[in-house]
There are 2 protein chains.
Amino acid sequence: MTAADPCFLTIAEAASLISEKRLSPVELTRAYLDRIERLNGRLHAYVRVLHDEALAGARAAEAEIVAGHYRGALHGIPIALKDIYDTAGVPTEGGSRLCLGRVPAEDATTTGLLKQAGTILLGKLTTWEFAIGGTAFDTPFPPARNPWNVEHDPAGSSSGSGSAVAAGLCAAAMGSDTGGSIRWPAAWCGLAGLKPTYGRVSRAGIMPLSFSLDHAGPLTWTVEDAAIMLQAIAGHDPRDPASSDAAVPDYRAVLARSELKGLRLGIARGMFERDSVASDEVRSAFDRAVEVLRGLGATISEVELPPPALYNATATLIARGEGFAIHEKTLRERPQDYGVLARDRLTIGAYIRASDLVQAMRRRRMLMDATAAAMAEVDAILLPTAPDPAPKLGEIAAYFGSERPPYMRPFNLTGQPALSLCNGFDGAGLPLSLQIVGHPFDEATVLRVGHAYERATEWRRRRPEIA
Amino acid sequence: MTAADPCFLTIAEAASLISEKRLSPVELTRAYLDRIERLNGRLHAYVRVLHDEALAGARAAEAEIVAGHYRGALHGIPIALKDIYDTAGVPTEGGSRLCLGRVPAEDATTTGLLKQAGTILLGKLTTWEFAIGGTAFDTPFPPARNPWNVEHDPAGSSSGSGSAVAAGLCAAAMGSDTGGSIRWPAAWCGLAGLKPTYGRVSRAGIMPLSFSLDHAGPLTWTVEDAAIMLQAIAGHDPRDPASSDAAVPDYRAVLARSELKGLRLGIARGMFERDSVASDEVRSAFDRAVEVLRGLGATISEVELPPPALYNATATLIARGEGFAIHEKTLRERPQDYGVLARDRLTIGAYIRASDLVQAMRRRRMLMDATAAAMAEVDAILLPTAPDPAPKLGEIAAYFGSERPPYMRPFNLTGQPALSLCNGFDGAGLPLSLQIVGHPFDEATVLRVGHAYERATEWRRRRPEIA
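Keep in mind that what you see is a predicted model, and the values were worked out from it rather than measured.

So, how was this worked out
- Residues numbered from 1 in each chain as written.
- Chains lettered and ligands numbered in written order.
- Predicted model: local features only at pLDDT ≥ 70, side-chain atom pairs only at ≥ 80, totals over all residues.
- Heavy atoms only, no water.
- Helix = DSSP H or I, 4+ residues; strand = E, 2+ residues; numbered from the N terminus.
- Rg over C-alpha atoms; globule rule 2.2 N^0.38 Å.
- Buried < 20%, exposed > 50% of the residue type's maximum accessible area, 1.4 Å probe, protein only.
- Contact = heavy atoms within 4.5 Å.
- Areas by Shrake-Rupley, 256 points an atom, 1.4 Å probe, with all protein chains shown as cover.
- Buried area = accessible area lost by both parts, 1.4 Å probe.
- Salt bridge = Lys/Arg side-chain N within 4 Å of Asp/Glu carboxyl O.
- Pairing = 2+ DSSP bridges.
- Axes fitted to C-alpha atoms, helices over the stretch in contact; angles between N-to-C directions.
- Least-squares fit on C-alpha atoms with pLDDT ≥ 70 in both.
- Parallel < 35°, antiparallel > 145°, perpendicular 65-115°, else oblique.
- Left-handed = near helix turned anticlockwise from the far one by under 90°.
- Nonpolar A, V, L, I, M, F, W, Y, C, P; charged D, E, K, R; others polar.
- Phe/Tyr/Trp six-rings, centres within 6.5 Å; stacked < 30°, edge-to-face > 60°.
- Lys NZ or Arg CZ within 6 Å of the ring centre and 35° of its normal.

Caption draft 1: Spatial organisation of the overall build of chain A. When its secondary structure is counted, chain A shows 15 helices and 11 strands. Relative to the compact-globule value of 23 Å for 467 residues, chain A shows a C-alpha radius of gyration of 20 Å, a close match. On the principal axes, the C-alpha backbone points of chain A span a range of 60 × 55 × 45 Å. When each of the 467 residues of chain A is scored for burial, the buried share is 64%. Pairs at least 24 residues apart make up 78% of the contacts formed inside chain A by residues separated by at least 6 positions. Counting only carbon and sulfur atoms, one obtains 53% of the accessible surface of chain A, whose full area is about 16,100 Å².

Caption draft 2: Broad picture of helix α4 (residues 109-116) of chain B. By the burial criterion, the buried members of α4(B) are B:T109, B:T110, B:T111, B:G112 and B:L114. At its buried positions, α4(B) is contacted by β2 (78-82), β4 (172-176) and α7 (223-233) of chain B.

Caption draft 3: Inspection of the interface of chain A and chain B at higher detail. Taken together, the contact pairs 18 residues of chain A with 18 residues of chain B. Buried surface at the junction of chain A and chain B, both sides included, amounts to about 1,500 Å², of which 63% is carbon and sulfur. Summed over the three residues of chain A that lose the most area to chain B, namely A:R353, A:A354 and A:V358, the buried surface amounts to 30% of that side. Linking chain A with chain B are two salt bridges.

Caption draft 4: Spotlight on the sheet that holds strand β5 (residues 192-195) of chain B. Residues and elements named next belong to chain B. Taken together, 11 strands build an open sheet; the order of strands is β1-β3-β2-β4-β6-β5-β10-β11-β9-β7-β8 and the sheet is mixed. Where the open sheet ends on each side, the last strands, each with one partner, are β1 (46-49) and β8 (299-302). Averaged over all neighbouring strand pairs, the angle between strand axes comes to 25°, with direction disregarded.

Caption draft 5: Spatial organisation of the pattern of salt bridges. Tallying each qualifying case throughout the model produces 54 salt bridges over all chains. Put simply, A:D86 and A:R102 hold a salt bridge, and the shortest N to O gap is 3.1 Å. Remark: A:R102 occurs in the loop between β2 (78-82) and α4 (109-116) and A:D86 occurs in the loop between β2 and α4; sequence separation between them is 16 residues. On the basis of relative accessibility, which here comes to 11%, the residue A:D86 falls in the buried class. The class for A:R102 is partly exposed, based on a relative accessible area of 30%. The closest approach of N and O atoms between B:K261 and B:E259, which form a salt bridge, is 3.4 Å.

Caption draft 6: Molecular detail of the relation of the copies chain A and chain B. The operation relating chain A to chain B is a screw motion whose rotation component is 180°, with 0.0 Å of axial translation and a residual RMSD of 0.0 Å. Taken together, these values place the two copies in the relation of a two-fold axis. Take the interface residues of chain A: 100% of them recur as interface residues in chain B, which is what a same-surface contact looks like.

Caption draft 7: Region of the structure containing the packing of α4(A) against helix α7 (residues 223-233) of chain A. Residues and elements named next belong to chain A. The contact between α4 and α7 brings their axes to 8 Å, and the two run at 110°. Comparing their axes, α7 and α4 come out roughly perpendicular. In this structure, α4 crosses over α7, and the sense of that crossing is right-handed. From α4, T110, L113 and L114 reach across to α7, where they touch M229, A232 and I233. Of the residues assigned to the contact of α4 with α7, the class counts are five nonpolar, one polar and no charged.

Caption draft 8: Main features of the packing of aromatic side chains. Residues and elements named next belong to chain A. Enumeration according to the criterion identifies 22 aromatic pairs over all chains in this entry. Relative to Y407, the ring of F272 lies with its centre 6.3 Å away and its plane at 65°, an arrangement referred to as edge-to-face. Of this pair, F272 sits in helix α9 (residues 269-275) while Y407 sits in the loop between β9 (380-383) and α14 (410-414), and the two are 135 residues apart along the sequence. What makes F272 buried here is its relative accessible area of 0%. Judged by relative accessible area, which is 1%, Y407 ranks as buried. Three or more aromatic residues joined by ring pairs make a cluster, and in this case those are W128, W184, W188, Y399 and F400. The cationic tip of R460 hangs over the ring face of W221; the distance from NZ or CZ to the ring centre is 4.0 Å. It is R463 that lies over the ring of W221; its NZ or CZ is 3.6 Å from the centre.

Below, the structure written as structure tokens:
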């Protein structure tokens, strides 16, 4: 594990070497597979490693590239997928006893797009049961660990995705985010995690949890890598009824400008200093980050969002109603096969009335309008992602229904693009987080701000030492 | 009541005379007011006549026109509004004891647009209680009667709108359509009734019944008049969250072509010959209409839609869930002030679970896709509006939950534009109906077909003799 370890290359770096034929996709894939073999027993990031398939894919990619058919920045790049992403012919088990041995016939749309882009699939990653079950110990899948300290929680539900990318067990991972499940593990594992705008990335072939709140997106080491991943997966998909046909810009081109002159950023201070108070370390890291962004030319102001409790209660009601609709039949027929956390969280949906859901949908629309109004004078807003760094494994449960919720779920409700990125480390060496939230379909601005911030700081140079 | 009675002029005819200063808006308004005074006691079309306000408005319009400020085809035209449309300073009571004396401070958006267009508001029209209560006898408002035979039902919920326009008590009326409530009275009263595309016309300031199924639209004597009304009310309104900002075409310009060469029309025959069988008279009138349209140059084919029971069950569940959400508080606090029909229909919504509503929303999306697929090769589809002409007053109740539902509700679920127009008369002199359903936001084609059909037939020459 030296600085020269290819497992610590960013996608952009590896792509550059691969395109110049200075790095072999086979060599890179083998390095990841070796590292997975060495570390996964401690991290439980992967539930299934596709050793032979990955090597075969890498050889095919290498042959193509040698033959002059280079597909682009993801060609030959080894990635992994949360185990709720359907992979044709490869088990996709959703972290649940209920799906053991389930082998989909078709790829998820995103799986297919990433294959077309030339990525190598290393394997499938640990997920909370059905992306809702929490850090649980009563399913067939042991919970993933946080590479910065394996006694700590990586957060979820894309727990394996966060753990794997942070530990250098893949170059990028796909996660899903219904209430924060991409951004939370990104925050606690010190990564870039992007929840794109609702409708920007297809969810077809990804196990649903809540139709109107589910988002698919990447976890990567850098914001630039998130942009590369988004480019491959963004766009209209008739298989997802919520998919948008809004045009997809060239995200990486936007990153070229590392200055932020003229950009207006709003701080949603009430959210983390009054309503759900973040720890001192998180707040001082946040203030330092704001000064860095100001130094890069951004104009900083304050914005006042509606209370997080209003967003969160509305989102929870919708999520539980939609989640129960999906799981009702199985909950009745095989309740004993769910873990306790997933079963409890899903069953609550049985007691929600249609009229409550209708009112929640109306509140949702009002909150979307209020958020848009609060952001009328800024290009993006800033806040931390989570109020604390990662606690001990399983202690994430304390944040559910607590007085100090993290700051992600409002943007599932509004559907806005939101990026979590590493904002330094606490005294114990655990990552802190910064969140950037944009206007709908303006991932470009969010990525541009994140990339500029990342280049202006040192945080990307530190890698976890896995003990 | 001679052929020269100005109350029997179409909007287009009256507008032409008014613009040439050959007809005075005051004289026209007075004629309507006189006729209302003579006939409303038998028809109960109006719940409130704005005698003095209408005359004052007519004088103001006349002064403007004489001064050379002619606003367009609706300037000086007397109209009326279903009593769920808010009118600033004028009671809007929704056909319910619960709203007696309710005086809104603001106009509905459509009310305001029609005022801006220069219309004269003659009064407010009978509605089923909260647009759902059926032809009921236990509210403070007697049910409206059908002008073609006052012993018969005008249909609803825009019952007063249908009755008033057919009887020559206004030049046009606004109705609302959650499950057919514009098209059904249009069908039974022999009128043109247009349910525009969901999102095309604002519902802000109109008492809601079901947020995702409610549509606002006009009832008129001719299709051309419907186009004139639609032109005034179509367009984006930030006050209605479902409002679309799709561009509004010049509808009347489209009507100029009375040939239909190149237009592809599909017959949804299964709907009214197999699933919900229409009467012999309705079916033979339909077949004659198809031949007329073929004669005008249209290409005719058959299309197969999903079973109406699937659309209707889905729409009913959504309507009841949304309706209960709106009325829950009042149903608890003042149940005795509802009529029995409205109370029963609304209360059912209390027993619908959120997960059922979620599944209904998913079925809705599938039915929208299936309908669009069935219509992929045609520009519009044809079917009757109702399986029978109007029965005796109150007997409309038999069509609720029956095996022979009318053919309207599927297009509330899909949100497509749908026009009902007069398709001749049965042996007893009661109107028969034809329905034209278009692709979303293609009201223009629907109106063009209806207008061409109307001009090719004699039906618009016959007026009811009110006994």
